[in-house]
Amino acid sequence: MESETVNSTEHYHKQALKRERLIFALGALASVAMCAMLLASPPGWWAVVISGLIGLAILTWRAPAWALAAVLGSAILVEQFDFGSYVPITREIPLFENIANFTELEGVVACPIEVVLVVITAAVFLRLLLRQKEAEQNIVAMPVLVFGACMVLWLGYGLLEGGALNIAFWEMRALAYFCLIVFLTPQMVFTKRDVSVLLGTATLAVIVKAIQGAYNFFVVLGGDTTGERSVTGHEDAVFIAWILVLFIALKLYEVGRFQRIMVGIASPVLLLTFAVTNRRAAYVALALGLVILAVNAMREKEKRAVIVKAAIPMLLIFLVLIPVGWNATGPLGAPAGVVKSIIAPDDEEDQDSSYYRKAEMVNLVHSIENNPITGLGFGRPFQAAGSLVNINFSLADVIPHNNIVWIWAKMGTFGFGVFWAMVGSIVAAGVFGFHSLKNPYYRVVSLIAACAMAMQCAVSYVDLQLSFSRNMIFLGVLVGLMARMHTLDGEGAADDRAV
């Protein structure tokens, strides 16, 4: 009986290997055919694109974590929006720009990142199907699935009430990326090395963005940010804040040596760019992430003393910087400037920004009061109680800066409750993993994902970053990694502190 079982297993593996070889052969032939077409009719860039997508599908099959790392790194490196005086080369890449209408439905368009996600999704599910493997467990699958289903329902409701499909797509696409990637990531990560590849990619990409920000500050602007709201994209300040929290967590538990070395070397440029970017919400997010990390780590006696010793001088430095930098300009005055812009804004642009957000909130509350249960649905503009000043944003009457209350206005009280149930489940799962997992590296990754979720909500209360594609791809990978930590730890992966 035992020999029959062994023979059956060997037969299964041989058949699976034959199927994989056939797929690779077909993929290689298709790639050669596309390249031949390119040579026959230059420039033929569409042939290059198709060849690249076939290559991506093969990479997803053979090394899923590297394919996911390519998506994550691209999302961090490539800007979605312009941000002022400096246009880096990464802004020239149309990763998030609409490029094609594939149907006869008006507004149903696609951008390159969506084509990439479709290819990866197809490759992942084909891999599961042909290898006859069950999908990896995902502890946050249900709340994310329920929220995604509610988004589809409120899309239908919005369209029935006269909403525009193209506007609804712009509203929903980033959150749709998040839901999809949360499901994909656990199916693409199988070893501790895969986790390190993804975190290393994110770390390196954020460092590159910080270098671009420093170049803009010193070379393009000559060290003078007068009249400039940011030296990088708004999202980059949030990425830097998260990387700083990650670095402290890795240092505290002496894991993730590769990421620690990279951040340690790049810390001056990271801190400089974070300061001169001058995003109030990013400072709040950084503080929140550090508090969540400290509160959870302090439950361990040996970490408590380390945290207290580090927190006291940091607090003293902060208390000195605020009064010293209250009237200063440049990086020295950045922390004080953030505090001042929140509690007593005297800069005209800060005052206008605060006023605009308050005016938006009036309209949001008005819309919620008129549609408390059903909400507006996606694709419909707000019901205005007062007029807003004109800003350079075509969807200003559809997507407000306060993306948290925006969910309430769009999806009603029930949908808003589902959103917070999802957020709470993710944060709780991350904290639970931190306190229950055995591997210290997995513990840090789990808690850092919970910090990222909380930090994203804090930023999204005053900025449009639930509707920014870069943020949601980044966050989706982190949450998906967190969901995978529980099963990886259970599989008994070695505690490789060098990773």
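Conventions adopted
Residues numbered from 1 in each chain as written. Predicted model: local features only at pLDDT ≥ 70, side-chain atom pairs only at ≥ 80, totals over all residues. Heavy atoms only, no water. Helix = DSSP H or I, 4+ residues; strand = E, 2+ residues; numbered from the N terminus. Buried < 20%, exposed > 50% of the residue type's maximum accessible area, 1.4 Å probe, protein only. Contact = heavy atoms within 4.5 Å. Salt bridge = Lys/Arg side-chain N within 4 Å of Asp/Glu carboxyl O. Axes fitted to C-alpha atoms, helices over the stretch in contact; angles between N-to-C directions. Parallel < 35°, antiparallel > 145°, perpendicular 65-115°, else oblique. Left-handed = near helix turned anticlockwise from the far one by under 90°. Nonpolar A, V, L, I, M, F, W, Y, C, P; charged D, E, K, R; others polar. pLDDT = per-residue confidence, 0-100. Patch = residues over 30% accessible without salt bridge, like charges linked within 9 Å, V, L, I, M, F, W, Y side chains within 5 Å. Areas by Shrake-Rupley, 256 points an atom, 1.4 Å probe, with all protein chains shown as cover. Expected span 1.5 Å × (residues − 1). Polar contact = N/O pair within 3.5 Å; in protein donor to acceptor, adjacent residues only side chain to side chain.

Turning to the overall build of the protein chain, a few remarks are in order. Secondary structure summary: the protein chain contains 16 helices and two strands in total. The buried share of the protein chain, taken over its 499 residues, is 51%. For the protein chain, the proportion of contacts with a sequence separation of at least 24, taken over those separated by at least 6, is 76%.

So, about the environment of Ala297. Relative to the elements of secondary structure, Ala297 occurs in helix 10 (residues 280–297). Take Ala297: its relative accessible area is 0%, and that puts it in the buried class. Residues Ala297 and Phe434, spaced 137 residues apart in sequence, show a C-alpha to C-alpha distance of 9.0 Å. In this view, Ala297 contacts Leu252, Tyr253, Lys303, Ile307 and Phe434; residues no more than four positions away in its chain are not counted.

If you trace the backbone, Ser460 turns up in helix 15 (residues 440–460). Residue contacts for Ser460: discarding those within four places in its chain leaves His401, Asn402, Asn403, Ile404, Gln465 and Leu466.

All chains considered together, the criterion is met by nine salt bridges. One salt bridge in this structure joins Arg91 and Glu97, with 3.3 Å as the shortest N-O distance. Across the pair Arg484 and Glu136 runs a salt bridge, and its minimum N-O distance is 3.6 Å. Remark: Glu136 occurs in the loop between helix 4 (112–130) and helix 5 (141–160) and Arg484 occurs in helix 16 (residues 469–490); sequence separation between them is 348 residues. The exposure class of Arg484 is buried, given its relative accessible area of 1%. Within this structure, Asp82, Arg91 and Glu97 form a network of salt bridges that share partners.

So, about the packing of helix 8 (residues 234–253) against helix 16. As a packed pair, helix 8 and helix 16 sit with axes 10 Å apart at the nearest point and diverge in direction by 25 degrees. Between helix 8 and helix 16, the angle falls in the class roughly parallel. Of the two elements, helix 8 crosses helix 16, and the hand of that crossing is left-handed. Within the contact between the two elements, helix 8 uses Glu235, Asp236, Phe239 and Trp242 and helix 16 uses Arg470, Asn471, Phe474 and Leu478. In terms of residue class, the contact of helix 8 with helix 16 is made up of four nonpolar, one polar and three charged.

With that settled, the discussion passes to the confidence of the model for the protein chain. Looking at the protein chain, the pLDDT average stands at 81 and 75% of residues meet or exceed 70. For the stretch residues 493–499, pLDDT sits under 50, and the model shows 27 contacts to residues farther than four places along the chain or on other chains.

Let's shift gears to a nonpolar patch on the surface. A contiguous nonpolar surface patch, about 380 Å² in accessible area, is contributed by Tyr215, Phe218, Val219 and Val220. Locating Val219 in the fold gives a position in helix 7 (residues 192–220). Residue class for Val219 comes out exposed when judged on its relative accessible area of 54%.

The subject of this paragraph is helix 7. For helix 7, which comprises 29 residues, the first-to-last C-alpha distance of 41 Å matches the rise-based estimate of 42 Å (1.5 Å per residue) to within 8%. Trailing helix 7 by a residue or two, Gly222 shows a phi angle of about 65 degrees, which is positive.

For the rest of this paragraph, the subject is helix 3 (residues 64–77). Residues separated by three or four positions in an α-helix point in the same direction, a consequence of the helix having 3.6 residues per turn. With 14 residues, helix 3 ought to run about 20 Å at 1.5 Å a step, and its terminal C-alpha atoms sit 20 Å apart, in line with that. Across the 14 residues that make up helix 3, a large majority, 10, are buried. Looking only at helix 3, the buried set comprises Pro64, Ala65, Ala67, Leu68, Ala69, Val71, Leu72, Gly73, Ala75 and Ile76.

A word on the packing of helix 10 against helix 15. As a packed pair, helix 10 and helix 15 sit with axes 9 Å apart at the nearest point and diverge in direction by 145 degrees. Viewed along their axes, helix 10 and helix 15 form a crossing whose handedness is right-handed. On the side of helix 10, the interface is formed by Ala281, Ala285, Leu286, Leu288, Gly289, Ile292, Leu293 and Asn296, while helix 15 contributes Leu447, Cys451, Ala454, Met455, Ala458 and Val459. Grouping the constituent residues of the contact of helix 10 with helix 15 by class yields 12 nonpolar, two polar and no charged.

The subject of this paragraph is the environment of Val146. On the secondary structure map, Val146 appears in helix 5. Of the residues examined, Val146 reaches a relative accessible area of 35% and is grouped as partly exposed. Between the C-alpha atoms of Val146 and Val418, which are 272 residues apart in sequence, the distance is 7.4 Å.

Backbone geometry places Glu254, a non-glycine residue, at a positive phi of 55 degrees. Locating Glu254 in the fold gives a position in the loop between helix 8 and helix 9 (257–277).

For Lys410, the location among the structural elements is in helix 14 (residues 403–436). Assessed through its relative accessible area of 0%, Lys410 is described here as buried. Each C-alpha atom, one on Lys410 and one on Leu376, is 4.7 Å from the other, the two residues being 34 residues apart in sequence. The residues touching Lys410, leaving out its near neighbours within four places in the chain, are Trp154, Glu171, Thr374, Gly375, Leu376, Gly377, Phe378, Gly379, Arg380, Phe382 and Val398.

All right, on to the side chain of Thr60 then. With respect to the element layout, Thr60 can be found in helix 2 (residues 45–62). Of the polar contacts made by the side chain of Thr60, one reaches the backbone oxygen of Leu56; its length is 2.8 Å. In contact with Thr60, other than residues within four places in its own chain, are Ala67, Ile120, Ala123, Val124, Arg127 and Met188.

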